[in-house]
Protein chains: 2
Amino acid sequence: MDRRQRKTREAIFSAFTRLIEKRPYHQITVQDIIDEADIGRATFYAHFETKEYLLKDLCDELFGHIVNTALGLPHGHEHYAGCRADESVFLHLLRHLQENDRNILALLSSQNNEIFLAYFKTDLKKLIRTQFADTGALKNSDLPTDYLVNHVSSSFVETVVWWLSHGMKEEPAVLAGYFETVMKTVI
Amino acid sequence: MDRRQRKTREAIFSAFTRLIEKRPYHQITVQDIIDEADIGRATFYAHFETKEYLLKDLCDELFGHIVNTALGLPHGHEHYAGCRADESVFLHLLRHLQENDRNILALLSSQNNEIFLAYFKTDLKKLIRTQFADTGALKNSDLPTDYLVNHVSSSFVETVVWWLSHGMKEEPAVLAGYFETVMKTVI
DNA sequence: CTGTTATCGTACAATCTGTTCGGTAATATA
DNA sequence: TATATTACCGAACAGATTGTACGATAACAG
């Protein structure tokens, strides 16, 4: 990839992130992004068809990375340093979030979180399915697997949101404890 | 309230509902609503400051009504006819949803559901708080009440969405059973 | 019957969108 | 280093949307 392309793409991501921390997603125009990134109009459209595709690409990068480390798969980067073999996937994810790669927490806790959370949940479902459902780690096998996978993923996302909205007062281990308590019937 | 005002307001709600069943919320313009409702431009803005306030008012009407019947409070209407005294609040809500007042299910299952679900969840939280948290019906009192209320509300909303996305194949009683199973640790 | 007011129709400036174009400069490659 | 490629710029464009303003009309309440 051309160095100019990389720089422009990064400038757009960066500008978009900066803006999304300030105001809701749907109040941000392509014009705003262009101004903030200080690039030409045509250049933006050469990179992203619409604002929505920009959002999608950013989320793919952010959540794809986090979920892949949880899968133990490399993603162009080394494995997360503070990882311990014996901790649960959920604690692992929480620790990773706490590191706040690329200000991911600001995005999830901003007024817009619904939009980012939808992408987060999608990636999380894949993780839960391969990590739990496919390995037979779910209790209540009389309930539909789809329902259980969805329940676990949604609940974890909601746990993270609750954590953020209260200022992340709890340690990751404590929060993981909360989550595992309410999930006792399922996992 | 002036009869003309009532008619216009209803025409706007109706047009908006019809549109939202066809395409995503953020792809609907005020212009579209004006055309569909067949009213003057200034008339729309005399009723709603923005599209977002229209959404809010509609949701207040829809979910406020449903949640209030669950609370046993009258809301300008008589109590839900098929109500049985011994059934759980959740089963009651599901039955009420199945009746599909004002095409509420179309809204919740449309591509945009996130927007409506946020309002649904807000109203549901109030219900859960007064119905369970304040009456001491929640187990795990060592976990923060906020966290538990949020968990129950979110999980119920997710259950409804899962139900809708699969064509509502299950009877309300069966679905309520699913929900109560995964909630066994909490309620 | 009379005063009030919701609506209409039209018009308006301001903004945003997505595309086009020729010119410039950075880049990859040989 | 020389050359061909390509990403970027900046300006311009039509089309659509937004929110507001106005007088005229007709429905409404008392």
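Keep in mind it's a predicted model, so treat the numbers as computed, not measured.

Chemist: How should the interface of chain B and chain A be read in this particular structure?
Modeler: On the side of chain A, 25 residues touch chain B, which itself brings 25 residues to the contact. Contact between chain B and chain A buries roughly 2,200 Å² in total, counting both sides, with carbon and sulfur atoms accounting for 64%. By the criterion of area lost to chain A, the three top residues of chain B are Tyr147(B), Trp162(B) and Val182(B), representing 27% of everything that side buries. Here Lys121(A) makes a salt bridge to Glu158(B), at a shortest N to O gap of 3.0 Å. Our count for the chain B to chain A interface comes out at seven residue pairs in polar contact (both at pLDDT 80 or more). Listed by contribution, the elements that provide at least two residues to the side of chain B that touches chain A are α7 (113–133), α8 (145–165) and α9 (172–182) of chain B. Here the element with the most residues in the side of chain B that touches chain A is α8(B); it accounts for ten residues. In the side of chain B that touches chain A, the residues fall into eleven nonpolar, nine polar and five charged.

Chemist: I would appreciate a short explanation of the protein's contact with DNA strand D in the present structure.
Modeler: DNA strand D sits among 20 residues. The nearest are Gln5(A), Thr8(A), Gly40(A), Thr43(A) and Tyr45(B). Counting only atoms of DNA strand D within 4 Å of the protein, the fraction found in sugar and phosphate groups is 68%. Arg3(B) places a polar side-chain atom, nitrogen or oxygen, 3.1 Å from a phosphate oxygen of DNA strand D. The contact in question runs from a phosphate oxygen of DNA strand D to an N or O atom on the backbone of Gln31(B), over 3.1 Å. Going through the elements one at a time, α1 (3–20) and α3 (41–47) of chain A together with α1 (3–20), α2 (30–37) and α3 (41–47) of chain B are the ones with two or more residues in the surface near DNA strand D. Among the residues forming the surface near DNA strand D, the class breakdown is five nonpolar, seven polar and eight charged.

Chemist: Sorry, what's going on with the pattern of salt bridges here?
Modeler: Across all of its chains, the model carries 16 salt bridges over all chains by this definition. We note a salt bridge from Asp60(A) to Lys56(A), for which the minimum N-O separation is 2.6 Å. Of this pair, Asp60(A) and Lys56(A) are both found in helix α4 (residues 51–70), four residues apart, which corresponds to roughly one turn of the helix. Assessed through its relative accessible area of 34%, Asp60(A) is described here as partly exposed. With a closest N to O distance of 2.8 Å, Arg129(B) and Asp146(B) form a salt bridge.

Chemist: Please clarify how the nonpolar core should be interpreted in this entry.
Modeler: Soluble globular proteins tend to pack their nonpolar side chains together in the buried interior. In this structure, Phe44(A), Phe120(A), Phe156(A), Phe44(B), Leu108(B), Phe120(B) and Phe156(B) are the most contacted members of the largest nonpolar core, which totals 125 residues. Leave out the neighbours within four places in its chain, and Phe120(B) touches Phe63(B), Leu97(B), Leu108(B), Phe156(B) and Val157(B).

Chemist: What am I meant to see in the relation of the copies chain B and chain A here?
Modeler: What relates the pair of chain copies is a rotation about an axis plus a shift along that axis. Here chain B sits on chain A after a turn of 180 degrees about the axis and a move of 0.1 Å along it, with an RMSD of 0.1 Å. Look at the turn and shift together and you get a two-fold axis relating the two. Interface overlap between copies: 100% of the residues of chain B at the interface are likewise at the interface in chain A, consistent with a symmetric, same-surface contact.

Chemist: Which parts of the structure should I look at to understand the side chain of Ser110(B)?
Modeler: Along the chain, Ser110(B) turns up in the loop between α6 (104–109) and α7. Non-local contacts of Ser110(B), meaning those with residues more than four positions away in its chain, are made with Ile20(B) and Phe116(B).

Chemist: Please explain helix α9 (residues 172–182) of chain A as it appears in this structure.
Modeler: Turn by turn, an α-helix covers 3.6 residues, leaving residues three or four places apart pointing in a common direction. Along α9(A), the residues that are buried comprise Pro172(A), Leu175(A), Ala176(A), Tyr178(A), Phe179(A), Thr181(A) and Val182(A). Of the surrounding secondary structure, the elements contacted by the buried residues of α9(A) are α5 (89–99) and α8 (145–165) of chain A together with α8 and α9 of chain B.

Chemist: Just to check I follow, could you spell out the confidence of the model for chain A for this structure?
Modeler: For residues with low pLDDT, the predicted coordinates do not support detailed interpretation. In the predicted model, chain A carries a mean pLDDT of 90, and 93% of its residues have values of at least 70. Note that residues 73–80 of chain A has pLDDT below 50 and, in this model, twelve contacts with residues that lie over four places away or in other chains.

The rules behind these values
Residues numbered from 1 in each chain as written. Chains lettered and ligands numbered in written order. Predicted model: local features only at pLDDT ≥ 70, side-chain atom pairs only at ≥ 80, totals over all residues. Heavy atoms only, no water. Contact = heavy atoms within 4.5 Å. Buried area = accessible area lost by both parts, 1.4 Å probe. Salt bridge = Lys/Arg side-chain N within 4 Å of Asp/Glu carboxyl O. Polar contact = N/O pair within 3.5 Å; in protein donor to acceptor, adjacent residues only side chain to side chain. Helix = DSSP H or I, 4+ residues; strand = E, 2+ residues; numbered from the N terminus. Nonpolar A, V, L, I, M, F, W, Y, C, P; charged D, E, K, R; others polar. Near = heavy atom within 4 Å. Buried < 20%, exposed > 50% of the residue type's maximum accessible area, 1.4 Å probe, protein only. Core = buried A, V, L, I, M, F, W, Y, C linked by side-chain atoms within 4.5 Å. Least-squares fit on C-alpha atoms with pLDDT ≥ 70 in both. pLDDT = per-residue confidence, 0-100.

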